[in-house]
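Observations on the three-dimensional arrangement
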Amino acid sequence: MNTFNDIKELVTSLKREEKLISEMFSKRKSIDYRLSDALELVDYEESRIDLLIQKSVIRENGGLLELDSQFLEFFEQVLSVSEEINLSYIDENIKNIKENIGYFLNENNETRKYSYLRLIKKTFRNMGLITLRSVVDLRRNIENTFKNESNYKNKQLKLKNLDEKRTLVTNLIQQTLALINQEEITFFNRALDEELNRIIISLKHQLGECSHNLIEIEKQIIDYLNQIKQQGKFLEKLRKLKYLKDNFTIEAETDIRKIISNKNQVIFETRTNQSLNLSINFLRENEKAFESIKKIAKKHKNRLHFKPEIADRISTENLANNTEEEIMINLDEIRNRFVATSDNLFNFILNYDFNKEVDFNERVTIFCQIVSQYEQELTIKDNFNITNGIEYAMVFSK
Amino acid sequence: MITKYTSEIFDVLRKGQFICSNSPDNEIQKLYKVLEDDQTFEDLYEYFYQINYILELGNEYFYFSRIENNTDLDRKLEKAFHWIDILDFFKTYDSSFDVGFRFSPSEIVNQLKNNADLKNKLEKFKKISVDKKSYSDSIKKIIEKLEKDNFITLENEISETYKVLTSLNYLKDMITTINIPEEIENEIPE
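A brief look at the structure comes next.

Glancing now at the sheet that holds strand 3 (residues 61-66) of chain B. All names here are of chain B. Pairing within the open sheet is antiparallel, and its three strands lie in the order 1-3-2. The two strands at the open ends of the sheet, each matched to only one other strand, are strand 1 (19-20) and strand 2 (53-57). As defined by bridge partners, strand 1 adjoins strand 3 across two bridges and the pair is classed as antiparallel. For Cys20, the partnering residue across the bridge sits in strand 3 and is Tyr61. Contacts from helix 3 (residues 38-49) reach strand 2 and strand 3, with the element oriented near 155° to strand 2.

Okay, here's the thing in structure tokens:
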């Protein structure tokens, strides 16, 4: 495998491709990184990408690029953003310390003894940090899983696995503490190193903190698992009821009728508007009520205002000047003329020259009219005459 | 007059509504706090009992029930079925649909594109009761129904965000109480 020759080369090349690497790192979860996307970040110099591939910083797989797992892990570890909680580190460190303690105790050469001690101190220092980081990662992972994992079964499984990891961390902490407190008493007595003491104290402090955190995490996991269980159970129940309902068997196959019939909640009732009669006193005495009445009355009045119906046009025929003349008989004039004669009234009227044709019956009517109207001015005799089968009294002027 | 909120409490509960602890409505919040006091609760319980209403305390919500039943069984069943349908719909939309969950109609409409199951269920609704044409209209209608029964409420008018109230616990309790005999349970496909 073609690797970097020294640290300098490694750091310089990482520095040179900083843009690409940081972009790929930040997008490591969300998208598949294509060669074409990467080219833009290396100013379209494919050779630069090739170099990175050669040095196994990135790997190419069917047109897709990904950061080499070694580098990815390194970045994640250093930046404390690891998704995976790798507990083997802690385990390894414990073994490492045990081994080195053995070497330390066996070694007589002071210089070599010192170098073993240095290694032990370094490992102890690391252990505190790694354990703390694992705990933080654990907590983050648990929350992420609970909130983001959409598949129920996987969510439950993942949380269970994380819970197992939690137990592992707890065990490792206990092992470490046992190592310090019980197993290697001889070493600590012999080592007598100020710095080691400080490191151990800070390690114990960190481990204590971790234990507290783990207790909290345990509670959280139990709570989450319970929630999932409950939700899952509820969902299952709901789906079953829905299935039965859709098959129209729910009433026959469950006790839903019994349960529902015992439910007297108001929410089942239809919402009725309760109409209440207004208090007459209120209407009489309240100003506002009076205002409302006026308002309503006004509206009411308006409502009666029907639109007047428009009559049809008067036809021109009706507007034309049609005059009709009728010759009226002037009774006064007849009387005046009659007074000047000595004829009897009937005969006078019978022979009277009207301006129009007047038949016998009409003349009889006129005779009657004059007699009744001017009775005072006429003398009505007792003798009678007959003309055209009509018997009439003889009437003369006075 | 037991508290100065007695009539307000009555007015809300009488309509079949709930007084929920997580309601965004300040008025309801106030009433919830009043009812939370044990002594007030007991006094009001007695008070309402006289007029045939039973003041009940659920899981983070208060509601009324009646001494005598005012509705026939068929109507109640129908309502329960309807709730099962709607709840199933929302659970299909997001399985974490539960008390405190927030959503907006547009989010559900978006889901329709890539959730065939959800779409199917919505179309079934359309056949039964919703006569609207567009998906967003039907979804709004379904949401309105749940809102009318006071299980969700509009929290933010501008972003059209709805919030699931604690009264949903009532529905959940009801569903959990229904018993499916084991032999029938085994026949239901997963």
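The discussion continues.
Moving on to the packing of helix 4 (residues 73-93) of chain B against helix 8 (residues 168-177) of chain B. Packed helices, taken two at a time, are described by the angle between their axes plus the distance between the axes. All names here are of chain B. At a minimum axis separation of 11 Å, helix 4 and helix 8 run at an interaxial angle of 105°. One way to sum up the angle between helix 4 and helix 8 is to call them roughly perpendicular. Mapping the contact onto sequence places Ala80, Trp83, Ile84 and Leu87 in helix 4 and Leu168, Tyr170, Leu171, Met174 and Ile175 in helix 8. Residues of the contact of helix 4 with helix 8, tallied by class, amount to nine nonpolar, no polar and no charged.

In this section: the packing of aromatic side chains. Aromatic ring pairs are defined here through the distance separating the ring centres and the angle between the ring planes. Per the counting criterion, the structure on display carries 40 aromatic pairs over all chains. Measuring from centroid to centroid gives 5.5 Å for Trp83 of chain B and Phe151 of chain B, while their planes differ by 90°, and the two rings are edge-to-face. Here Phe151 of chain B lies in the loop between helix 7 (135-148) and strand 5 (152-156) and Trp83 of chain B lies in helix 4, a separation of 68 residues in the sequence. What makes Phe151 of chain B buried here is its relative accessible area of 0%. Consider the rings of Phe90 of chain B and Phe97 of chain B, whose centres lie 4.7 Å apart with planes at 15°: the pair is stacked. The ring of Phe146 of chain A has Lys155 of chain A sitting right over it, with the charged end atom 4.9 Å from the ring centre. For the cation-ring pair, Lys172 of chain B lies above Phe234 of chain A, with the distance from its terminal atom to the ring centre recorded as 5.7 Å.

What follows concerns helix 6 (residues 88-106) of chain A. Residue and element names in this part refer to chain A. For helix 6, with 19 residues, the first-to-last C-alpha span of 27 Å sits near the 27 Å given by 1.5 Å per residue. Every buried residue of helix 6 is accounted for by Ile90, Asn93, Ile94, Ile97, Asn100, Ile101 and Phe104. Projected onto a plane normal to the axis of helix 6, the buried residues spread over an arc of 135° and lie on a single side. In helix 6, the exposed residues that point more than 90 degrees away from the buried face are Glu92 and Asn106.

A word on the sheet that holds strand 1 (residues 33-34) of chain A. All names here are of chain A. With respect to topology, three strands assemble into an open sheet ordered 1-3-2, the strand pairing being antiparallel. Taken across any chain shown, the strands that pair with only one partner, and hence form the sheet edges, are strand 1 and strand 2 (58-61). In this fold helix 4 (residues 46-54) packs onto strand 2 and strand 3 (64-67), with an angle of close to 105° to the strand it touches most, strand 2.

It is possible for side chains of opposite charge to pair when their charged atoms get near one another. All names here are of chain B. Overall, the coordinates contain 36 salt bridges over all chains when judged by the stated rule. One salt bridge in this structure joins Asp88 and Lys121, with 3.0 Å as the shortest N-O distance. Of this pair, Asp88 sits in helix 4 while Lys121 sits in helix 6 (residues 116-128), and the two are 33 residues apart along the sequence. Between Asp98 and Lys172 there is a salt bridge, with its nearest N and O atoms 2.9 Å apart. One end of the pair, Asp98, is in the loop between helix 4 and strand 4 (102-103); the other, Lys172, is in helix 8, and 74 residues separate them in sequence. Across this residue pair, the class does not change: Asp98 and Lys172 are buried.

The rules behind these values
Residues numbered from 1 in each chain as written. Chains lettered and ligands numbered in written order. Predicted model: local features only at pLDDT ≥ 70, side-chain atom pairs only at ≥ 80, totals over all residues. Heavy atoms only, no water. Pairing = 2+ DSSP bridges. Helix = DSSP H or I, 4+ residues; strand = E, 2+ residues; numbered from the N terminus. Contact = heavy atoms within 4.5 Å. Axes fitted to C-alpha atoms, helices over the stretch in contact; angles between N-to-C directions. Parallel < 35°, antiparallel > 145°, perpendicular 65-115°, else oblique. Nonpolar A, V, L, I, M, F, W, Y, C, P; charged D, E, K, R; others polar. Phe/Tyr/Trp six-rings, centres within 6.5 Å; stacked < 30°, edge-to-face > 60°. Buried < 20%, exposed > 50% of the residue type's maximum accessible area, 1.4 Å probe, protein only. Lys NZ or Arg CZ within 6 Å of the ring centre and 35° of its normal. Expected span 1.5 Å × (residues − 1). Arc of directions from axis to C-beta. Salt bridge = Lys/Arg side-chain N within 4 Å of Asp/Glu carboxyl O.

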